[in-house]
Amino acid sequence: MSTPRFLSLPPGVRRTEIHTSRGTFAVLEALPGSGVCERGPALLVPGFTGSKEDFIAVLQTLAGGGRRVVALDMRGQHETPGPDDPAAYSCAALGADIAAVLEYFDDQVHLVGHSFGGLVTREAVMSDPALLASYTLMSSGPAAIGGSREVEGRVLLAALPKVGLEHLWSTRIEPEVITKGVAPEIVSFLRRRMFMNSPAGLMAMAHEVLSSPDRVDDLAKVTEDAGLPVLVLYGENDDGWEPREQAAMAERLGARKVVIPGAAHSPAVEAPETTASALTSFWNDAERA
């Protein structure tokens, strides 16, 4: 899971909500420190077991470029409630949620999907690319995830119905987090976030990230026809989708590619300044195109 290194909100960042035709979403909203928003807004979508807090370290920097930047909790994640119906957490259903959030803005939006959020956001892109100014896949891939994160997902799917989340947290997840040297207040946040997630959502999202089909060719056709700029951004040490797999996806999409030195699966946490700089440069170029 993505693990924020701090939780205090930087200046210009606030907690609020966005009300849409598909429900209300908890968000972090960042605005420029002074002046007006001179550039197009951006929407940041987290991955599986993640939340809007995964983007705390980049929000102030991104907004400093003169734009409104919003990071959200998807349906069933952290502070955005969700139903008990597993069907509500398919990529298609969650993508429809993202499309509704995009419609909330009064301008075309720079959309970023991190990890599982990439599989979700591409559904929104393919449904209506006209809502977008650009699209970024961050540490995401063409289809189902593999490697160690696939193993973690399958353990969750198998164990959660049998032993429950409390047992999984106390015997597996928390010890791993503590071993990594995560500060106690962050461990407390991770526990709170995990237990605020919808149980049905956790199971359904895990299934989605483990079984998602390759839709890159469909996405490439839509973005090419729409003239939509696409960026594939990932850490050089990504342990989710392999870097070479993401590089190949970038080629298939005809996308710009940025590899973040020293980062793994969560560049916005692990290398926030470099990641924010790459996003800002891409967004500015997209607006000039």
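Now for a description of the structure that goes with this document. (Residues numbered from 1 in each chain as written. Predicted model: local features only at pLDDT ≥ 70, side-chain atom pairs only at ≥ 80, totals over all residues. Heavy atoms only, no water.)

A separate point is the overall build of the protein chain. Helix and strand content of the protein chain: 11 helices and 8 strands. Its C-alpha atoms give the protein chain a radius of gyration of 18 Å, near enough to 19 Å, the size a compact globule of 289 residues would have. Considering only C-alpha atoms, the protein chain reaches an extent of 55 × 40 × 40 Å along its principal axes. Going through the 289 residues of the protein chain one by one, you find that 55% of them count as buried. Averaged over its 25 positive side-chain charges, the protein chain has a centre that lies 2 Å from the centre of its 37 negative ones. (Helix = DSSP H or I, 4+ residues; strand = E, 2+ residues; numbered from the N terminus. Rg over C-alpha atoms; globule rule 2.2 N^0.38 Å. Buried < 20%, exposed > 50% of the residue type's maximum accessible area, 1.4 Å probe, protein only. Lys, Arg positive; Asp, Glu negative; His and termini not counted. Charge placed at Lys NZ, Arg CZ, Asp CG, Glu CD.)

Moving on: the nonpolar core. Membership of the largest hydrophobic core comes to 64 residues, with the highest contact counts inside it found for Leu-43, Ile-98, Leu-102, Leu-111, Phe-116 and Leu-253. Broken down by element, the residue count for this core peaks at 7 residues, all from helix α7 (residues 199-211). Among residues more than four places away in sequence, those in contact with Leu-111 are Leu-43, Val-45, Ile-98, Leu-102, Thr-121, Val-125, Leu-132, Ser-134, Tyr-135 and Thr-136. Judged by nonpolar contacts, the second largest core, of 26 residues, contains Leu-62, Ala-63, Val-112 and Ala-271. (Core = buried A, V, L, I, M, F, W, Y, C linked by side-chain atoms within 4.5 Å. Contact = heavy atoms within 4.5 Å.)

Now for helix α6 (residues 184-196). Taking 1.5 Å of rise per residue, 13 residues should cover 18 Å, and α6 covers 18 Å from first to last C-alpha, within 8% of that figure. For α6, the full list of buried residues reads Ile-186, Val-187, Phe-189, Leu-190, Arg-193 and Met-194. Axial view of α6: buried residues confined to an arc of 160°, hence all on one face. Exposed residues pointing more than 90 degrees away from the buried face of α6 are listed as Pro-184 and Glu-185. Packing partners of the buried residues in α6 comprise α5 (165-179) and α7. (Expected span 1.5 Å × (residues − 1). Arc of directions from axis to C-beta.)

Next up on the list: the sheet that holds strand β8 (residues 256-260). The 8 strands lie next to each other as β1-β2-β4-β3-β5-β6-β7-β8, forming an open sheet whose pairing is mixed. At either end of the open sheet lies a strand with only one pairing partner, and these are β1 (13-20) and β8. Pairwise comparison of adjacent strand axes, ignoring direction, gives a mean angle of 25° for this sheet. In the sheet, β1 pairs with strand β2 (residues 23-30) via 8 bridges, with the strands oriented antiparallel. Within β2, the position partnered with His-19 by the bridge is Thr-24. (Pairing = 2+ DSSP bridges. Axes fitted to C-alpha atoms, helices over the stretch in contact; angles between N-to-C directions.)

Put simply, the largest pocket is a space of about 860 Å³. Those elements that provide at least two residues to the lining of the largest pocket are α4 (147-163), α5, α7 and α10 (267-270). Take the lining of the largest pocket: its biggest share by element is 6 residues, from α4. Each residue belonging to the lining of the largest pocket can be placed in one class, and the counts come to 15 nonpolar, 11 polar and 9 charged. (1 Å grid on protein atoms, 1.4 Å probe; cavity = no way out; pocket = protein on both sides within 12 Å on 5 of 7 lines; lining within 4 Å. Points joined across faces, edges and corners; volume = space filled by probe spheres on them. Nonpolar A, V, L, I, M, F, W, Y, C, P; charged D, E, K, R; others polar.)

By the definition in use, this model includes 1 aromatic pair. We note Arg-191 situated over the ring of Phe-195; from NZ or CZ to the ring centre the distance is 4.4 Å. (Phe/Tyr/Trp six-rings, centres within 6.5 Å; stacked < 30°, edge-to-face > 60°. Lys NZ or Arg CZ within 6 Å of the ring centre and 35° of its normal.)

Let us now look at unusual backbone geometry. Not every positive phi belongs to a glycine, and Thr-49 is a case in point at roughly 65°. Along the chain, the position of Thr-49 falls in the loop between β3 (42-45) and α1 (56-63). Thr-49 gets classed as buried once you look at its relative accessible area, which sits at 11%. Even without being a glycine, Ser-139 presents a positive backbone phi close to 50°. Of note, Ser-139 is situated in the loop between β6 (132-138) and α4. Given the relative accessible area of 0%, Ser-139 is considered buried.

Relative to the elements of secondary structure, Asp-218 occurs in helix α8 (residues 216-226). The spacing of Asp-218 and Gly-40 is 178 residues in sequence and 26 Å in space, taken between C-alpha atoms.

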